[in-house]
Amino acid sequence: MADVVVLESRERVLAGILFTAAAYFLFSAQDASIKLLVAGMTVWQIMFVRSITVLAACGAIGGQRLFADTIDSPIVRPMLARSAFTLAAWLCYYNAARSLQLAELTTIYYAAPIIVTVLSVLMLGEKVPLLRWIAVFIGFVGVFIACDPARLGLSLPVLLVLAAAVLWGIAVVLLRKTAMQERTMIQLVLNNFYFLLFSAVPAVIWWHMPDGLQLLLLISVGALGGVAQYMLFEGMKRAPVSIVAPFEYTSLIWAFALGFAIWGDVPRSEVFVGAALIIGAGLLIVGNEHFRARDQAS
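Residues numbered from 1 in each chain as written. Predicted model: local features only at pLDDT ≥ 70, side-chain atom pairs only at ≥ 80, totals over all residues. Heavy atoms only, no water.

As recorded by an unreviewed UniProt entry, the protein carries the name DMT family transporter and is attributed to Mesorhizobium montanum.

Structural data, given as structure tokens:
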């Protein structure tokens, strides 16, 4: 019986890792779409349309019962705080996207996993093994080598991304505190309802009528963001935040790939060294979980 419990626990953690990694791929595709959009419209408008798209999809899937259950949910107030931090992070991040390359943007933002790991200890009381701390550090070193943020200086866009990293780190830890209390669809509804509420007035004031391509990108942002949020919530339910946080590094690889495909950005040789370190850090965590579960089973 104990072997079955350990196996289920191991599979649950690995499922959480897979959900989280997939979520960050979709978030990278969303980031590329938004970087294309911010050249012609405000982040407020993008978040407004994105929230409407996600809520419409939730309504189509869950119907009126989903919204009725959401109103009665015990996490209505906690999600308000988390959504506020998330929206603030995204406003900082996507306003910086006007001035930075996608790879630069993603690289600086990767202070967030270290912040998440530290906050998971301070706010959630999670025990983080030394090996996991080493993996997080290796991943951050890989990010630093890949883009060398020191070359970018402390311009306003860089400071905005650093602020986004701190705000997102807080939001992820708050997500972990609410993820176990309610089903994922209700969290999606609440999160995007608050986004809609926060962004409605600024979006109307600075509204820009989208053309055909922009409209298509806006819809894709909503679809990508909605599925990514769902997968992220599911991943957080299955594994401790300090385990899944380093897998946010995988989106760096997607950022370089999308940057090359869309804007013709050619990565330097340092990028491949950094990517190898990032992948190695993720594999170190997976391997550690595998051997730890096997030791517990024996």
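Anyway, onward from the coordinates.
Caption draft 1: Expanded view of the overall build of the protein. Secondary structure assignment for the protein yields twelve helices and zero strands. Across the 298 residues that make up the protein, the buried fraction comes to 50%. Excluding contacts between residues fewer than 6 apart, the proportion of contacts in the protein whose partners are at least 24 apart in sequence is 91%. By element, 72% of the accessible surface of the protein is carried by carbon and sulfur atoms, the whole surface being about 13300 Å². (Helix = DSSP H or I, 4+ residues; strand = E, 2+ residues; numbered from the N terminus. Buried < 20%, exposed > 50% of the residue type's maximum accessible area, 1.4 Å probe, protein only. Contact = heavy atoms within 4.5 Å. Areas by Shrake-Rupley, 256 points an atom, 1.4 Å probe, with all protein chains shown as cover.)

Caption draft 2: Representation of the pattern of salt bridges within the structure. The tally for this structure, following the rule as stated, stands at three salt bridges. Asp69 is paired through a salt bridge with Arg183; the nearest N and O atoms lie 3.0 Å apart. On the criterion of sequence distance, the pair formed by Asp69 in helix α2 (residues 43-71) and Arg183 in the loop between α7 (156-179) and α8 (184-205) is long-range, its members being 114 residues apart. With its nearest N and O atoms 2.4 Å apart, the salt bridge here joins Arg238 to Glu234. With a gap of four residues between them, Arg238 and Glu234 both fall in helix α9 (residues 212-238), about one helical turn apart. Taken together, the shared-partner salt bridges in this structure form one network comprising Arg65, Asp69 and Arg183. (Salt bridge = Lys/Arg side-chain N within 4 Å of Asp/Glu carboxyl O.)

Caption draft 3: Main features of the packing of helix α3 (residues 76-96) against α8. Contact pair α3 / α8: the axes reach a minimum separation of 9 Å and the direction vectors enclose 60 degrees. Considering their axes alone, α3 and α8 lie oblique with respect to each other. Between α3 and α8 the crossing geometry is right-handed. Along the contact surface, α3 presents Val76, Met79, Leu80, Arg82, Ser83, Ala84, Thr86, Leu87 and Trp90, while α8 presents Gln187, Leu190, Asn191, Tyr194, Phe195 and Phe198. Its residues assigned to classes, the contact of α3 with α8 comprises ten nonpolar, four polar and one charged. (Axes fitted to C-alpha atoms, helices over the stretch in contact; angles between N-to-C directions. Parallel < 35°, antiparallel > 145°, perpendicular 65-115°, else oblique. Left-handed = near helix turned anticlockwise from the far one by under 90°. Nonpolar A, V, L, I, M, F, W, Y, C, P; charged D, E, K, R; others polar.)

Caption draft 4: Structural context of α2. Along its 29 residues, α2 runs just 28 Å from first to last C-alpha, ending more than 12% under the 42 Å computed at 1.5 Å per residue. Where α2 bends most, at Gly62, the angle is about 110 degrees. (Expected span 1.5 Å × (residues − 1). Bend = angle between axes of the 7 residues up to and from the residue.)

Caption draft 5: The arrangement of the side chain of Thr70 in detail. By the secondary structure assignment, Thr70 is in helix α2. With residues up to four places along the chain from it excluded, the contact list for Thr70 reads Val76, Ile186, Val189 and Leu190.

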